[in-house]
Amino acid sequence: MPLHQKYMQRCIDLAGLGAGRVSPNPMVGAVIVHEGLIIGEGYHQQYGQAHAEVNAINQVFHHFDQAGELLKKAIIYVSLEPCAHYGKTPPCADLIIKHQIPRVVVGCRDPFDQVNGKGIEKLKAAGIEVICNVLSEECEWLNRRFFTRVQKKRPYIILKWAQTSDGFFAPADKSQYWITGEESVRLVHKWRSEEDAILVGKNTAIIDNPRLNVRHWSGKSPKRVVIDRRLELGHQYNIYDQSVETLVFNEIRMDIEGNIKYIALEDFERFVPQYILYQLYLQDIQSIIIEGGAYTLNTFIEAGLWDEARIFKGKSVLGHGIKAPRITGIAGGEFLPGKDHLQILYNKPLN
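Residues numbered from 1 in each chain as written. Predicted model: local features only at pLDDT ≥ 70, side-chain atom pairs only at ≥ 80, totals over all residues. Heavy atoms only, no water.

(A) Just the overall build of the protein, in detail. Along the backbone of the protein there are 11 helices and 17 strands. A compact globule built from 351 residues would reach a C-alpha radius of gyration of about 20 Å, and the protein, at 23 Å, matches this within 12%. Judged by the C-alpha coordinates and their principal axes, the protein covers about 70 × 45 × 35 Å. A burial count over the protein gives 51% of its 351 residues as buried. Within the protein, contacts between residues at least 6 apart in sequence are counted, and of these 67% link residues at least 24 apart. (Helix = DSSP H or I, 4+ residues; strand = E, 2+ residues; numbered from the N terminus. Rg over C-alpha atoms; globule rule 2.2 N^0.38 Å. Buried < 20%, exposed > 50% of the residue type's maximum accessible area, 1.4 Å probe, protein only. Contact = heavy atoms within 4.5 Å.)

Structural data, given as structure tokens:
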């Protein structure tokens, strides 16, 4: 692997450590190289805190007395274009210029309007050599949630469900029925810790009374989103336990009660998925897992509003009942968590 790609891959690996903690910002990694040796590296660890470039430069100063001189002869690799605007933190492009780092290697451009190309232009205007698009596809894929939100004005949508070996989602009487084993449950809770929100319909909330948290994994529980058109769910259900911010989409009420936000949609007959996704975008929700039920999943599938599907298949047989959603997409891999089978599908390539 050529040197630029080698160090950029390290940036990508570092950036991934920020999964679940930096949204709605992108995940970013940075590596500083001096005469073939890494002298500093860092990643964006928490939303609102120091960016990857800052952490990498700080590490150089922490380890080397002559840090200033080393930086003047170094290369900094960054998986995403350095920012050029003031947000929660000062511009990283300005920091690179301040320390006179002579060369910057960028994985991909930042699609955000306040950055897109401006960070690169600022660096070049200061006389810094900038090399772009090193492992650009891999860098964009890492931040597909961020790119989707910025470019499509909606969250990245992950569909998730389990079905029996004969293709059923649930018994005909809609009663609760466990299809997958403990390994799959833990995996789902890990996924929840990595995304901003999780959505279910009213019937799923009634039948399963889910908590929608990460009790079988460590990390932050996602925001909860429930579609309850006529507000038929009582406050005895777990979604109303106030433990995490919960958005309830309905046609009756617009209000806030502690951690519960009621969001009224004017039209519940047409374009409901689109309205919901735009409201989630306005709430800075960058990614969402849709876990059911079958009607809710099919509504988003029929609207073409999904990016990724994660489908578990258990070994049980129902014979009859509610059919699992039907979906086609680009194969993303097949796995075997415990005794279950997991298939990943993608709606279409990012570009």
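(B) View of the sheet that holds strand β6 (residues 156–163). Taken together, the 10 strands give an open sheet; going across it, the order is β11-β12-β10-β9-β8-β13-β6-β14-β17-β16, and neighbouring strands pair in mixed fashion. Among the strands making up the open sheet, the edge pair consists of β11 (255–257) and β16 (330–335). The sheet shows a mean angle of 20° between the axes of neighbouring strands, taken without regard to direction. Relative to strand β13 (residues 287–292), β6 runs parallel, the two being bridged by four bridges. Residue pairing in the sheet places Leu-159 in a bridge with Ile-290 of β13. Across the sheet, helix α10 (residues 272–282) touches β6, β8 (197–201), β9 (223–227), β10 (246–250), β12 (260–264) and β13, and the angle it forms with β10 is around 150°. Sheet strands in contact with helix α11 (residues 294–302) are β6, β8, β9 and β13, and its direction is about 135° off that of β6. (Pairing = 2+ DSSP bridges. Axes fitted to C-alpha atoms, helices over the stretch in contact; angles between N-to-C directions.)

(C) How the structure looks around the nonpolar core. Within the largest apolar cluster, 47 residues are counted, with the highest numbers of intra-cluster contacts made by Met-8, Ile-32 and Tyr-77. The greatest single-element share of this core, amounting to six residues, is contributed by helix α1 (residues 3–15). Ranked by size, the runner-up nonpolar core spans 32 residues in total, among them Leu-159, Val-272, Ile-290 and Ile-327. (Core = buried A, V, L, I, M, F, W, Y, C linked by side-chain atoms within 4.5 Å.)

(D) Representation of the pairing of β8 in the model. Within β8, five of the five residues are buried, leaving the element largely enclosed by the surrounding structure. Alternating residues of β8 divide into Ala-197, Leu-199 and Gly-201 and Ile-198 and Val-200, and every residue in both groups is buried. One ladder, built from five bridges, connects β8 with β9; its direction is parallel. Pairing of Leu-199 across the sheet is with Val-225, part of β9. Taking the sense of rotation as the criterion, the β-α-β connection linking β8, helix α9 (residues 202–208) and β9 turns out right-handed. Sheet analysis places β8 next to β13, joined by four bridges and oriented parallel. (Right-handed = clockwise from strand over helix to strand, strands pointing away.)

(E) Geometry of unusual backbone geometry. Omega for the bond connecting Ser-23 with Pro-24 falls within 30 degrees of zero, at 5°, which places this linkage in the cis form. Here Pro-24 lies in the loop between α1 and β1 (29–34). Between Gly-292 and the following residue, Gly-293, the backbone shows a cis peptide bond with an omega angle of 5°. Following the sequence through the fold, Gly-293 ends up in the loop between β13 and α11. Backbone geometry places Glu-35, a non-glycine residue, at a positive phi of 50°. Within the secondary structure, Glu-35 is located in the loop between β1 and β2 (37–43). For Glu-35, a relative accessible area of 70% puts it in the exposed group. Despite not being glycine, Leu-212 shows a phi value in the positive range, around 55°. You can see Leu-212 is positioned in the loop between α9 and β9.

(F) Structural view of the sheet that holds β1. Ordered in space as β2-β1-β3-β4-β5, the five strands form an open sheet in which the pairing is mixed. Both outer strands of the open sheet, β2 and β5 (129–131), are each paired with one neighbouring strand and no more. The average undirected angle you get between the axes of adjacent strands in this sheet is 20°. Examined bridge by bridge, β1 and strand β3 (residues 75–80) share four bridges and lie antiparallel to one another. Bridge pairing in β3 links Ala-30 to Val-78.

(G) Structural view of the side chain of Arg-145. Along the chain, the position of Arg-145 falls in helix α7 (residues 144–152). Residues contacting Arg-145, with those up to four places away along its chain left out, are Tyr-156, Ile-158, Glu-195, Gln-286, Ser-287 and Arg-310.

(H) Highlighting the packing of aromatic side chains. Counted according to the given criterion, the structure contains six aromatic pairs. Centroid distance Phe-146 to Phe-147: 6.2 Å. Interplanar angle 85°. Geometry classified as edge-to-face. Assessed through its relative accessible area of 4%, Phe-147 is described here as buried. The ring of Trp-191 has Arg-310 sitting right over it, with the charged end atom 4.5 Å from the ring centre. (Phe/Tyr/Trp six-rings, centres within 6.5 Å; stacked < 30°, edge-to-face > 60°. Lys NZ or Arg CZ within 6 Å of the ring centre and 35° of its normal.)

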